[in-house]
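Given next are the chains, with one letter for each unit.
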2 protein chains.
Amino acid sequence: MNAPFGARGTALVLPQPYLLFLGDTTEPGFAKTAFGLRDWAGDKCVGEFALPGATVTTHLARMTPAQAYAEGARGLVIGVANPGGMIPPAWRKSLVEALEAGLDIVSGMHVRLGDIPELAEAAALLGRRLIDIRVPPAEIPVANGRKRSGKRLLTVGTDCALGKKYTALGLARAFRQRGVDADFRATGQTGIMIAGGGMPMDAVVSDFEAGAAELLSPDAAPDHWDVIEGQGSLMHPAFAAVSLGLLHGSQPDVFVVCHEPGRTEMLGTAGYKLTSVEEVVELTILLGRRTNKAIRCGGFSYNTSALGAEAAIALMARESDRLGLPVADPMRGGAAFDALVASCLA
Amino acid sequence: MNAPFGARGTALVLPQPYLLFLGDTTEPGFAKTAFGLRDWAGDKCVGEFALPGATVTTHLARMTPAQAYAEGARGLVIGVANPGGMIPPAWRKSLVEALEAGLDIVSGMHVRLGDIPELAEAAALLGRRLIDIRVPPAEIPVANGRKRSGKRLLTVGTDCALGKKYTALGLARAFRQRGVDADFRATGQTGIMIAGGGMPMDAVVSDFEAGAAELLSPDAAPDHWDVIEGQGSLMHPAFAAVSLGLLHGSQPDVFVVCHEPGRTEMLGTAGYKLTSVEEVVELTILLGRRTNKAIRCGGFSYNTSALGAEAAIALMARESDRLGLPVADPMRGGAAFDALVASCLA
C-alpha cells in the first residue's frame, strides 16, 4: 500500500510502525481495532503492550514501549475500546511511559487524548503528538463536483457494521495481487489506522462532507484505483447524510453492495427494516449518477460469518444466480471472490 | 410566532428585540440579513445603526446602541455580510460601543466574534454574550428515526438560494392567518435570526445531521404544524448530505418544491445542470418515505422575481396545469398561493 497522504497536506498521517496497546482488556470484542491492525497492517505492527490482568492477545511479540521504540515503533495505538469510549485511569501511567519512550499516541476513542491532563502535559513536555483519529483535518473545502482522473470503487451497504471496511481492504489487496495499482482509502477510525491515514467522514461538518470525500481520493493516474471504505447506508435514518456525501464526493465508477444475510433490522433504530440489496443498487445508481454517469454495480459482498462454509457457499451461489452478478465473502475468498474482483475491474 | 426554543434546552435562543447593524455598507446585496429581519421579524427590530459612509438603509429608525437599549433592544444583529465573511476593523469600535450599551452581539458571519480580541475582552469584562449563529449547540444526539407527533412541512429545492426560507416563512404565516397553530423552524443563519432560534444544519457534524433535524421539530400537538426551512438540494454535488439528513430527521408529511424558472446551472459547481422539479418530487418521496411513509408533495413555489407580474402569473398557471398541483410565488400571494396553502393543509 502506498502512503497516499501528507504530501498533499490534506488528510491525517499517522506515525508508523505501531505498538498495539491492549490495556487490561479481558473481552476480545473490545479489541477489534488491535485485531484489525494485526490482520490488515501486520507489517506495520512491531508488537503488543498489555497491562497486568489483560487476557486478550494479538499473539504479536509482547514488549514495553522502550523495547518497541528500539524495534522501530513510532506510534502507540490504543487498540481496544471501552463501553463509553473512555480511557480509564489505570491506563494513564502506561500511556505516559509510551510518550517518555518516544512514541506518539494514536486513538480512535470518543474522549480526546489532549483532554486528559497527564497526557497533555507529558506530550507538551516531551514534544510528542496526541493524535485523535476522530478529528478531521482543518480547512476542508466545499465540494466542486469536478470529475477527477483515475478509477474509484466505493463499498456501500444495506446497514452499518456489516463489512464495508473489510470488503474494501480485501478488494484493494486483490487488485494489487493482480498487478493493478490500487490504494485503500479509509473513512473510519480502524480503517484510518490500517491505512496510516484517511478521512473520518462521520466527524466532518455536513456542508463539507462531499468536499472531504473529494479530498480523500484526489486525481490519479488513469489506470489507478482508489478503493474507498463506505459508511452507513443511504436508507439509514441516522447516517444517510454521511453515505450520500461520501457517494457524491467519491464519484465511484464501481460500487459493491455489502450485506449480512439474516440481518433484518437496522442497527440503533426504532424498528427500521433493512432494504433489499436490489433497492440499494437502484438507489446508489440513481444518486451516484449525479457525479459519475458511468457508475455501475460490480457485485455483492456478503458477510457470512454466522454460517458454515457449505451453507455460505450455496447461499452465495443462489444469490449470484438471482442477482446476475458475483456474490462473494471476501473473508472466504475462492472462485466467487475472484469473480467479484474480475467484475469490478471489467 | 411562538418562541419554540430554549425551554427544551436544545437549540439556539437569541436576545431580542434587535438593533440592526449595517456597518458602512453601500451595496444593498450585502444587507440581505437586515432586509430579511425587517420584512419577516419587523416586530422584533427597534431600529438600525449605520456608520458614516453607509448608503444602505432599512428605513427603520436610526439610533445609537444606547438609544436602542433604552427602546428595549437586547441584541445587536450584524445585518450585513462582506465578501469573505470578515468583520472589518472599522466596525469594531461601534461593536464595542454596543456591548457597553448593554447589547449582546449576534452574527452569522464565518469569522467567530470571540476570535476578535477587542470584542472578546469587552464581552468578558461587561458580561455580554457574543453569539455566532453558525455554531451548533453541543450534544446533538444521533437520530433514532422514531415517528414524532404533530405535522411537518419541509421546503426542498432544485438548488441552493432560490427561496426555500421565504417559502417556509410565507407558508407558516399563511397557516397562522388561517387559524392553524404553526411554527417556522429555521435551519440557516438568517432564518435563525428571524425565528429567534433554530439549528444551523450546515454546521452540524454529519453523523448527527438527522439527529439535529429531529431536535429542531420535536413532538407537538396532533394538529400543530412545524414549517421547516429547507437547505441545499438532494441533487447538489456539494450539499446533498445536508438536504438528506434534514429530510430524514424532519419526517415531513408534506413538502413544497422551490424553484427559480430560468435557472439552468447549480450554484458553485462545475457545470451541473438543474434537475427538473418532477425529478425532485420523485427523489424526495423515494428518500423521505424512509422516515414517513405518508410523505406527499403539496405543490411548488416558484421564485419569479425576475419576471413581470403578468408573465409570472401566466407561467405559474401553465406549470400548475402541467404538474397537476398548485404553483405559486409566496412573494406575489394571490389565488395561486391560497391554492398552495390549501393543498398543503389538505
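As the structure is a prediction and not an experimental result, all values here were calculated from the model.

*Asks:* Tell me about the interface of chain A and chain B, and please be specific about residues and values.
*Replies:* With 37 residues of chain A at the contact, the number on the chain B side is 37 residues. Counting the surface lost from both chain A and chain B, the interface buries some 3,100 Å², and carbon and sulfur atoms represent 59% of this. Of all residues in chain A, the largest losses of buried area upon contact with chain B belong to Ser206(A), Asp207(A) and Arg290(A), amounting jointly to 22% of the total for that side. On inspection of chain A and its partner chain B, the count reaches zero salt bridges. At the junction of chain A and chain B, the tally comes to 12 residue pairs in polar contact (both at pLDDT 80 or more). Looking at the side of chain A that touches chain B, the elements that each hand over two or more residues are α7 (209–216), α8 (240–250) and α9 (277–288) of chain A. At six residues, the largest contribution of residues to the side of chain A that touches chain B is made by α8(A). Class assignment of the residues belonging to the side of chain A that touches chain B gives a composition of 22 nonpolar, nine polar and six charged.

*Asks:* Outline helix α5 (residues 164–177) of chain B, listing residues and values.
*Replies:* All names here are of chain B. Taking 1.5 Å per residue, 14 residues should reach 20 Å; α5 reaches 20 Å between its end C-alpha atoms and fits that length. Where burial is concerned, most of α5 is hidden: 10 out of the 14 residues are buried. When α5 is considered as a whole, its buried residues turn out to be Lys164, Lys165, Thr167, Ala168, Leu169, Gly170, Leu171, Ala172, Ala174 and Phe175. Positive backbone phi, approximately 85°, marks glycine 179, located one or two places after α5.

*Asks:* I'd like a description of the side chain of His248(A), backed by residues and values.
*Replies:* Looking at the element boundaries, His248(A) is found in helix α8. Residues in contact with His248(A), not counting those within four places in the same chain, are Leu287(A), Arg290(A), Thr291(A), Leu234(B), His236(B), Pro237(B) and Ala240(B).

*Asks:* How would you explain the environment of Asp219(B) if you had to name every residue and give the values?
*Replies:* Residues and elements named next belong to chain B. For aspartate 219, the location among the structural elements is in the loop between α7 (209–216) and β10 (225–228). Apart from residues no more than four positions distant in its own chain, aspartate 219 is found in contact with Arg146, Arg148, Ser149 and Arg152. A distance of 2.8 Å separates a polar atom in the side chain of aspartate 219 from the backbone nitrogen of serine 149.

*Asks:* Before we move on, can you summarise the relation of the copies chain A and chain B with the specific residues and values?
*Replies:* Taken as rigid bodies, chain A and chain B are interconverted by a rotation of 180° and an axial shift of 0.0 Å, the fit giving an RMSD of 0.1 Å. Here the copies are linked by what is in effect a two-fold axis. Taken as a fraction of all interface residues of chain A, those also at the interface in chain B reach 100%, which identifies the copy contact as same-surface.

*Asks:* Pulling in residues and values, what's your account of the domain arrangement of chain A?
*Replies:* Residue and element names in this part refer to chain A. Partitioning chain A into structural domains gives domain 1 (12–132) and domain 2 (151–345). Just the C-alpha atoms count here: the centres of domain 1 and domain 2 sit 29 Å apart. Domain 1 puts 17 residues into the contact, and the matching count from domain 2 is 15 residues. Carbon and sulfur atoms supply 65% of the area buried between domain 1 and domain 2, which totals about 1,200 Å² over both sides. Ranking the residues of domain 1 by area buried against domain 2 places Leu12, Leu14 and Trp40 at the top, with a combined share of 53%. The tally of links between domain 1 and domain 2 comes to zero salt bridges. On the surface where domain 1 and domain 2 come into contact, there are five residue pairs in polar contact (both at pLDDT 80 or more).

*Asks:* So, the sheet that holds strand β3 (residues 45–50) of chain A: which residues are in play, and what are the values?
*Replies:* Residue and element names in this part refer to chain A. Strand order in the open sheet formed by five strands is β3-β2-β4-β5-β6, and the pairing between neighbours is parallel. Each having just a single partner strand, β3 and β6 (130–132) make up the two edges of the open sheet. Averaged over all pairs of adjacent strands, the angle between their axes in this sheet comes to 25°, without regard to strand direction. Relative to β3, strand β2 (residues 18–23) runs parallel, the two sharing five bridges. Each residue of the ladder has a partner; that of tyrosine 18, found in β3, is cysteine 45. Packed onto the sheet, helix α1 (residues 32–40) meets β2, β3 and β4 (75–78) and runs at close to 150° relative to β2.

*Asks:* Describe the environment of Pro252(A), with residues and values.
*Replies:* By the secondary structure assignment, Pro252(A) is in the loop between α8 and β11 (254–259). Each C-alpha atom of the pair Pro252(A) and Arg296(A) lies 8.4 Å from the other, and the pair is 44 residues apart in sequence.

*Asks:* Which residues make up the pattern of salt bridges, and what values go with them?
*Replies:* Residues and elements named next belong to chain B. Counted according to the given criterion, the structure contains 26 salt bridges over all chains. Arginine 38 serves as the salt-bridge partner of aspartate 39, at 2.9 Å between the closest nitrogen and oxygen. Looking at aspartate 39, the relative accessible area reads 41%, which means it is partly exposed. Across the pair arginine 146 and aspartate 219 runs a salt bridge, and its minimum N-O distance is 3.0 Å.

*Asks:* Help me get a handle on the packing of helix α1 (residues 32–40) of chain B against α5(B), residues and values and all.
*Replies:* Residue and element names in this part refer to chain B. Where α1 meets α5, the axes come as close as 12 Å, and the angle between the chain directions of the two elements is 10°. Taken as axis vectors, α1 and α5 run roughly parallel relative to one another. On α5, the residues that touch Gly36, Asp39 and Trp40 of α1 are Tyr166, Leu169, Gly170 and Arg173. Class assignment of the residues belonging to the contact of α1 with α5 gives a composition of three nonpolar, two polar and two charged.

*Asks:* Tell me what's going on with the confidence of the model for chain A, and back it up with residues and numbers.
*Replies:* The pLDDT averaged across chain A works out to 93; a share of 97% of its residues lies at or above 70. Predicted confidence for residues 1–9 of chain A stays below pLDDT 50, and this span has 17 contacts to residues more than four positions away or in other chains.

*Asks:* Describe the nonpolar core, listing the residues and the values that go with them.
*Replies:* If you look at the biggest cluster of nonpolar residues, it comprises 71 residues, and the most contacted ones within it are Val257(A), Phe300(A), Val257(B) and Phe300(B). Sequence-distant contacts of Phe300(A), that is, excluding residues within four places in its chain, are made with Val256(A), Val257(A), Val277(A), Val281(A), Leu323(A), Leu325(A), Pro326(A), Val327(A), Ala328(A) and Leu340(A).

*Asks:* Please provide a residue-by-residue account of helix α9 (residues 277–288) of chain B, values included.
*Replies:* Look at α9(B): 16 Å from first C-alpha to last across 12 residues, which is about the 16 Å you get at 1.5 Å a residue. Those residues of α9(B) lying buried are Val277(B), Val280(B), Val281(B), Leu283(B), Thr284(B), Leu287(B) and Gly288(B).

*Asks:* Can you lay out the pairing of strand β7 (residues 151–157) of chain A for me, pointing to particular residues and giving the numbers?
*Replies:* Residues and elements named next belong to chain A. Here β7 lies mainly inside the structure; six of its seven residues are buried. Where β7 lies against β11, five bridges are found, and the strand directions are parallel. Following the sheet pairing, valine 156 is matched in β11 by valine 257.

*Asks:* Can you lay out the UniProt feature "domain: D-glutamate N-acetyltransferase-like C-terminal" (unreviewed entry) in chain A for me, pointing to particular residues and giving the numbers?
*Replies:* Those residues carrying the UniProt feature "domain: D-glutamate N-acetyltransferase-like C-terminal" (unreviewed entry) are residues 142–335 of chain A in this numbering. Secondary structure content for residues 142–335 of chain A is 36% helix and 16% strand, while the C-alpha to C-alpha distance between its ends is 42 Å.

*Asks:* Describe the sheet that holds strand β13 (residues 327–328) of chain A, with residues and values.
*Replies:* Residue and element names in this part refer to chain A. Within the open sheet, the six strands sit side by side as β8-β10-β7-β11-β12-β13. Their pairing is parallel. Where the open sheet ends on each side, the last strands, each with one partner, are β8 (182–185) and β13. Here β8 pairs with strand β10 (residues 225–228) via four bridges, running parallel. Bridged to arginine 185 within β10 is isoleucine 228. Contacts from helix α11 (residues 334–345) reach β7, β10, β11, β12 (296–302) and β13, with the element oriented near 160° to β12.

How each quantity is defined
- Residues numbered from 1 in each chain as written.
- Chains lettered and ligands numbered in written order.
- Predicted model: local features only at pLDDT ≥ 70, side-chain atom pairs only at ≥ 80, totals over all residues.
- Heavy atoms only, no water.
- Contact = heavy atoms within 4.5 Å.
- Buried area = accessible area lost by both parts, 1.4 Å probe.
- Salt bridge = Lys/Arg side-chain N within 4 Å of Asp/Glu carboxyl O.
- Polar contact = N/O pair within 3.5 Å; in protein donor to acceptor, adjacent residues only side chain to side chain.
- Helix = DSSP H or I, 4+ residues; strand = E, 2+ residues; numbered from the N terminus.
- Nonpolar A, V, L, I, M, F, W, Y, C, P; charged D, E, K, R; others polar.
- Expected span 1.5 Å × (residues − 1).
- Buried < 20%, exposed > 50% of the residue type's maximum accessible area, 1.4 Å probe, protein only.
- Least-squares fit on C-alpha atoms with pLDDT ≥ 70 in both.
- Domains from an automatic or database assignment.
- Pairing = 2+ DSSP bridges.
- Axes fitted to C-alpha atoms, helices over the stretch in contact; angles between N-to-C directions.
- Parallel < 35°, antiparallel > 145°, perpendicular 65-115°, else oblique.
- pLDDT = per-residue confidence, 0-100.
- Core = buried A, V, L, I, M, F, W, Y, C linked by side-chain atoms within 4.5 Å.
- UniProt positions renumbered as here; feature names shortened; annotations may be inferred.

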